[in-house]
Amino acid sequence: MRNKKNTENRKKIRFLGAALFLAAVFFILCFRTADTANAGTENTARYKYYTSIEIKDGGTLWEIANKYMTEEYESAEEYIQEVKKINHLHSDTIYEGAYLCVPYYSSEYK
């Protein structure tokens, strides 16, 4: 009789453990899906940030624009003009080893 009760108790514990595991997976997937569904939509808040980058050999403002420009800018020229303004540049000439402050947008709040 005691052996039968132990077996039943083990089955109940396994069942509860499996149910809790499935519930946890369900909630995790629901929250991830909600975050993914809002990413990149018009209602998603976008935050502007700045980062400092080092100019590599042969680096150009156009390459920087290609790497850091986001959809908030209408064109690479607009982005480059902002980079030049932030860094007090009067021409498109940049030098290897120099550092530039560049803007970018992200939906992640940091």
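Preceding this section is the structure that the text describes.
The paragraphs below set out a description of the structure included in this document. What you see is a predicted model; the values in this text were computed from it and never measured.

**Brief notes about the side chain of T70**
Working step 1: Mapped onto the fold, T70 is located in the loop between α2 (61-68) and α3 (76-86).
Working step 2: Residue classification places T70 among the buried positions, given a relative accessible area of 16%.
Working step 3: There is a polar contact of 2.5 Å between the side chain of T70 and the side chain of E72.
Working step 4: Setting aside residues up to four positions removed in sequence, T70 forms contacts with R46 and Y105.

**Section: the environment of I94**
Working step 1: When you line up the elements, I94 lands in the loop between α3 and β2 (99-106).
Working step 2: Overall, I94 belongs to the buried group, its relative accessible area being 15%.
Working step 3: For I94 and G58, which are 36 residues apart along the polypeptide, the C-alpha to C-alpha distance reads 9.1 Å.
Working step 4: When residues no more than four places from it in sequence are discounted, the contact partners of I94 are I55, G59, T60, L61, I64, L89 and L100.

**Some thoughts on the layout of surface pockets**
Working step 1: One number sums up the size of the largest pocket: a volume of about 160 Å³.
Working step 2: Together, I53, E54, I55, K56, G59, T60, E63, I64, K67, Y68 and I94 line the largest pocket.
Working step 3: Broken down by secondary-structure element, the contributors of at least two residues to the lining of the largest pocket are β1 (47-54) and α2.
Working step 4: No other element matches α2, which puts four residues into the lining of the largest pocket.
Working step 5: A per-class count over the lining of the largest pocket returns five nonpolar, two polar and four charged.

**Concerning the nonpolar core**
Working step 1: In terms of nonpolar packing, the biggest core is built from 14 residues, with L61, I64, Y79, L100 and V102 touching the most fellow members.
Working step 2: Elements with a minimum of two residues in this core: α2, α3 and β2.

**Section: the pattern of salt bridges**
Working step 1: The tally for this structure, following the rule as stated, stands at five salt bridges.
Working step 2: Salt-bridge contacts for E71 lead to R46; the nearest nitrogen and oxygen are separated by 3.4 Å. Of this pair, E71 sits in the loop between α2 and α3 while R46 sits in the loop between α1 (2-38) and β1, and the two are 25 residues apart along the sequence.
Working step 3: Taking the relative accessible area as the measure of exposure, E71 reaches 61% and is therefore exposed.
Working step 4: A salt bridge links E54 to K56; its shortest N-O distance comes to 3.8 Å.
Working step 5: Salt bridges sharing partners connect three or more residues here, namely R46, E71 and E72.

**What about α2?**
Working step 1: Residues L61, I64, A65 and Y68 constitute the buried set of α2. One side of α2 holds all its buried residues, which, seen down the axis, span an arc of 100 degrees. Facing away from the buried surface of α2 by more than 90 degrees, the exposed residues are N66 and K67.
Working step 2: Turning to α2, the residues buried within the fold contact β1, α3 and β2.

Cut-offs and rules
- Residues numbered from 1 in each chain as written.
- Predicted model: local features only at pLDDT ≥ 70, side-chain atom pairs only at ≥ 80, totals over all residues.
- Heavy atoms only, no water.
- Helix = DSSP H or I, 4+ residues; strand = E, 2+ residues; numbered from the N terminus.
- Buried < 20%, exposed > 50% of the residue type's maximum accessible area, 1.4 Å probe, protein only.
- Polar contact = N/O pair within 3.5 Å; in protein donor to acceptor, adjacent residues only side chain to side chain.
- Contact = heavy atoms within 4.5 Å.
- 1 Å grid on protein atoms, 1.4 Å probe; cavity = no way out; pocket = protein on both sides within 12 Å on 5 of 7 lines; lining within 4 Å.
- Points joined across faces, edges and corners; volume = space filled by probe spheres on them.
- Nonpolar A, V, L, I, M, F, W, Y, C, P; charged D, E, K, R; others polar.
- Core = buried A, V, L, I, M, F, W, Y, C linked by side-chain atoms within 4.5 Å.
- Salt bridge = Lys/Arg side-chain N within 4 Å of Asp/Glu carboxyl O.
- Arc of directions from axis to C-beta.

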